[in-house]
Amino acid sequence: TQLVRLDLIDHLYNERYQADLINILSENYVQSLPNFIQEFCKDLTTVNFNMVPHIVLKKGDFVQNYLKRVNDVLYSLQRGNNYCPVPVAVFEHEYNETHGIGAFLDLDFVTRECNGIRKTRRSLNREFVELTLLFMLGNEIVEVLNKRGGILPLANFIGYYKSVTGKNLDPTNFGFDNLENLIKELDLFVKITGKKKSIALRAIHDQLSQQVNLNRGAEPEIESEYATADDSNIVEGAASNRRTRDIKPDIIGQTNYDQGSRQSLLERSQRQEDMN
C-alpha cells in the first residue's frame, strides 16, 4: 500500500488493535491525527490526493517518484533557460504536457517535503520555482552516471565527474565534509551501495537491494531503505534484473519508461563493475 485515506486510519487501527485511535489521542491531549503525525511520525506525511487527505510514507514510492518527476521537468526547463528560475505557470504547463492534464501536481507539497525544490517571488510579485544548487548537482551526477553505466566507485567518482563535466566537485562548497555525506543527501537521485562503496543510480540500487532481499528470503515489499547490495552481488544482481519489469503501480501519473533503455543501463553497469 502506497498511501491510505486519513479518514480510514481510525477504522483500520480499531480493526487491528481493537481500540479507538481518536479517543486515545484525545486522552493524551493530541488535537487531531494530522497533528500527531506531524509531531511524532517522522517517516509519514499527509497529502491531498484527488482532493482527499491521505497518509503516505515520505520515503515510499508515491512521494519519491512524484518528487523525481517534478525534478526532471524542472531541471529540463532550467537547463534550457540558462538555469534560471521558472515561472510557476510555465512549469505547470510543461508538467501537464509531459505527464498529462489532470496528473497529480501540488507544488506546496513539493516544497514542504523536498528541500531541493523551492518557490520564490520576483518582479511584479510573480511566483517562480527552482532547484537549489545541491539538486542541480544531483542532476549532474545522474548525467555522469548515465554516461558511465549507472554505477561508479565512490573513491573514483570526483575524477569521473571532472572528466565528463570539466568541473571540479568540492563537497565543502555544498556544506559537506566529504563526498559520501553529500551523496547521502541526494538519495532522491543516487545511493551508496556495496561494501567497497559505489555510487549507483537510485533505480539500479533499488533493483540490486531487492535481489539481495530475495536471495535472503525477505519479503520484497518490506525492503529496507538502508538495504545495500554486497559487492559480490552487484554484477549478478544487475544481470539477473535486466529483464525485470517494474510491477509496482504508479498511481500519481504515468511515465514513459523505456524498458530497452533500462536493460542497456544494467548491462553497462555490469561491464563497469567487471572493469573495476
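**Brief notes about the sheet that holds strand β4 (residues 86-87)**
And then number 1: Taking strand neighbours across the sheet as the criterion, the 3 strands line up as β4-β6-β5 in an open arrangement whose pairing is antiparallel. Among the strands making up the open sheet, the edge pair consists of β4 and β5 (117-121).
And then number 2: The pairing of β5 with strand β6 (residues 127-131) spans 5 bridges and is antiparallel. By the bridge assignment for β6, Arg121 is matched with Glu127.

**A few points about the pattern of salt bridges**
And then number 1: A full pass over the atoms with the stated rule returns 13 salt bridges.
And then number 2: Arg118 serves as the salt-bridge partner of Glu130, at 3.3 Å between the closest nitrogen and oxygen. One end of the pair, Glu130, is in strand β6; the other, Arg118, is in strand β5, with 12 residues separating them in the sequence.
And then number 3: With a relative accessible area of 40%, Arg118 lands in the partly exposed category.
And then number 4: Connected through salt bridges with shared partners, the residues Asp108, Lys119, Arg121 and Glu127 form a single ionic network.

**As for the layout of surface pockets**
And then number 1: The calculated volume of the second largest pocket comes to roughly 250 Å³.
And then number 2: Forming the walls of the second largest pocket are Ile9, Leu12, Tyr13, Arg16, Tyr17, Leu21, Leu33, Phe36, Ile37, Cys41, Leu44 and Ile55.
And then number 3: For the lining of the second largest pocket, the secondary-structure elements that each account for two or more residues are α1 (9-17) and α3 (33-40).
And then number 4: No other element matches α1, which puts 5 residues into the lining of the second largest pocket.
And then number 5: Here the lining of the second largest pocket is built from residues that sort into 11 nonpolar, no polar and 1 charged.

**Comments concerning helix α7 (residues 133-147)**
And then number 1: Between its terminal C-alpha atoms α7 stretches 21 Å, which fits the 21 Å expected from 15 residues at 1.5 Å a residue.
And then number 2: Counting buried residues in α7 gives 11 out of 15 residues, a clear majority hidden from the surface.
And then number 3: Along α7, the residues classified as buried are Leu134, Phe135, Met136, Leu137, Gly138, Asn139, Glu140, Ile141, Val142, Val144 and Leu145.
And then number 4: A positive backbone phi angle near 95 degrees is found at Gly149, which sits one or two residues after α7.

**Describing the environment of Glu127**
And then number 1: By secondary structure assignment, the location of Glu127 is in strand β6.
And then number 2: As a C-alpha pair, Glu127 and Val86 span 41 residues in sequence and 8.6 Å in three-dimensional space.
And then number 3: When residues no more than four places from it in sequence are discounted, the contact partners of Glu127 are Val86, Pro87, Val88, Lys119, Thr120 and Arg121.

**Some words on the packing of helix α4 (residues 61-79) against helix α5 (residues 88-99)**
And then number 1: Packing of α4 against α5 leaves a shortest axis separation of 10 Å and a crossing angle of 115 degrees. The two elements α4 and α5 meet at a crossing, and its hand is right-handed. Counting all contacts with α4, which are made through Tyr66, Arg69, Val70, Val73, Leu74 and Leu77, the residues of α5 involved are Val90, Phe91, Glu94, Tyr95, Thr98 and His99.
And then number 2: When grouped by side-chain class, the residues that make up the contact of α4 with α5 number 8 nonpolar, 2 polar and 2 charged.

**Examining the sheet that holds strand β8 (residues 190-193)**
And then number 1: Judged by pairing direction, the sheet is antiparallel, and its 3 strands sit side by side in the order β7-β9-β8 without closing on themselves. The sheet is open, and its two borders are formed by β7 (151-153) and β8, each paired with just one other strand. Averaged over all adjacent pairs, the angle separating strand axes in this sheet is 25 degrees, with direction ignored.
And then number 2: As defined by bridge partners, β7 adjoins strand β9 (residues 198-201) across 3 bridges and the pair is classed as antiparallel.

**Regarding the confidence of the model for the chain**
Should the pLDDT be low somewhere, the predicted coordinates at that spot are not to be read in detail.
And then number 1: Scored by pLDDT, the chain comes out at a mean of 82, with 78% of its residues at no less than 70.
And then number 2: Confidence drops under pLDDT 50 across residues 221-266; counting only partners more than four residues distant or on other chains, this segment forms 87 contacts.

**Remarks on the packing of aromatic side chains**
And then number 1: Within the structure shown, the criterion is met by 11 aromatic pairs.
And then number 2: Where Phe36 meets Phe40, the ring centres are 5.3 Å apart and the plane angle is 40 degrees; that geometry is what we call tilted. Pair noted here: Phe36 and Phe40 are both in helix α3, with a separation of 4 residues, about one helical turn.
And then number 3: With relative accessibility at 26%, the residue Phe36 sits in the partly exposed group.
And then number 4: On the basis of an interplanar angle of 40 degrees and a centroid distance of 5.8 Å, the ring pair of Phe91 and Tyr95 is categorised as tilted. Residue Phe91 and its partner Tyr95 are located together in helix α5, separated by 4 residues, close to a single helical turn.
And then number 5: According to the relative accessible area criterion, Tyr95 is buried, its value standing at 0%.
And then number 6: Cluster of aromatic residues (ring-pair linked, three or more members): Phe49, Phe62, Tyr66, Phe104 and Phe109.

So, how was this worked out
- Counting restarts for each chain: residues are numbered from 1 in the order of the written sequence.
- For this predicted model, a pLDDT threshold of at least 70 governs which residues receive local features, and a threshold of 80 or more governs which side-chain atom pairs are given and counted, while totals over whole chains, interfaces and linings are taken from all residues.
- Calculated side-chain values reflect all of the structure's heavy atoms, with hydrogen atoms and water omitted.
- By the convention used here, strands pair only if DSSP detects at least 2 bridges between them.
- Secondary structure elements follow DSSP: runs of H or I of four or more residues count as helices, runs of E of two or more count as strands, with numbering from the N terminus.
- By definition here, a salt bridge exists when the distance from a side-chain nitrogen of Lys or Arg to a carboxyl oxygen of Asp or Glu is within 4 Å.
- Buried, partly exposed and exposed residues are distinguished by accessible area as a fraction of the type maximum, computed with a 1.4 Å probe on protein chains only: under 20%, between the cut-offs, and over 50%, respectively.
- Only protein atoms enter the calculation, which uses a 1 Å grid: trapped sets of points that fit a 1.4 Å probe without letting it out are cavities, open sets showing protein on both sides within 12 Å along at least five of seven lines are pockets, and any residue with an atom within 4 Å of a point is a lining residue.
- Grid points are joined across faces, edges and corners, and a volume is the space filled by probe spheres set on the points.
- Three classes are used: nonpolar for Ala, Val, Leu, Ile, Met, Phe, Trp, Tyr, Cys and Pro, charged for Asp, Glu, Lys and Arg, and polar for all others, with Gly counted as polar.
- Expected helix span is given by 1.5 Å per residue-to-residue step, counting one fewer step than there are residues.
- Any two residues whose heavy atoms approach within 4.5 Å are treated as being in contact.
- Each axis is a line fitted through C-alpha atoms, and for a helix only the stretch in contact is used; angles between axes span 0 to 180 degrees, taken between their N-to-C directions.
- Handedness of a crossing is defined here by the sense of rotation of the near helix relative to the far one, left-handed for an anticlockwise turn of less than a right angle and right-handed for a clockwise turn.
- By definition, pLDDT measures how confident the predictor is in each residue, and it falls between 0 and 100.
- Each pair of aromatic rings taken from Phe, Tyr and Trp, with Trp reduced to its six-membered ring, is defined by centres within 6.5 Å and is described as stacked if the planes are under 30 degrees apart, edge-to-face if over 60, and tilted in the remaining cases.

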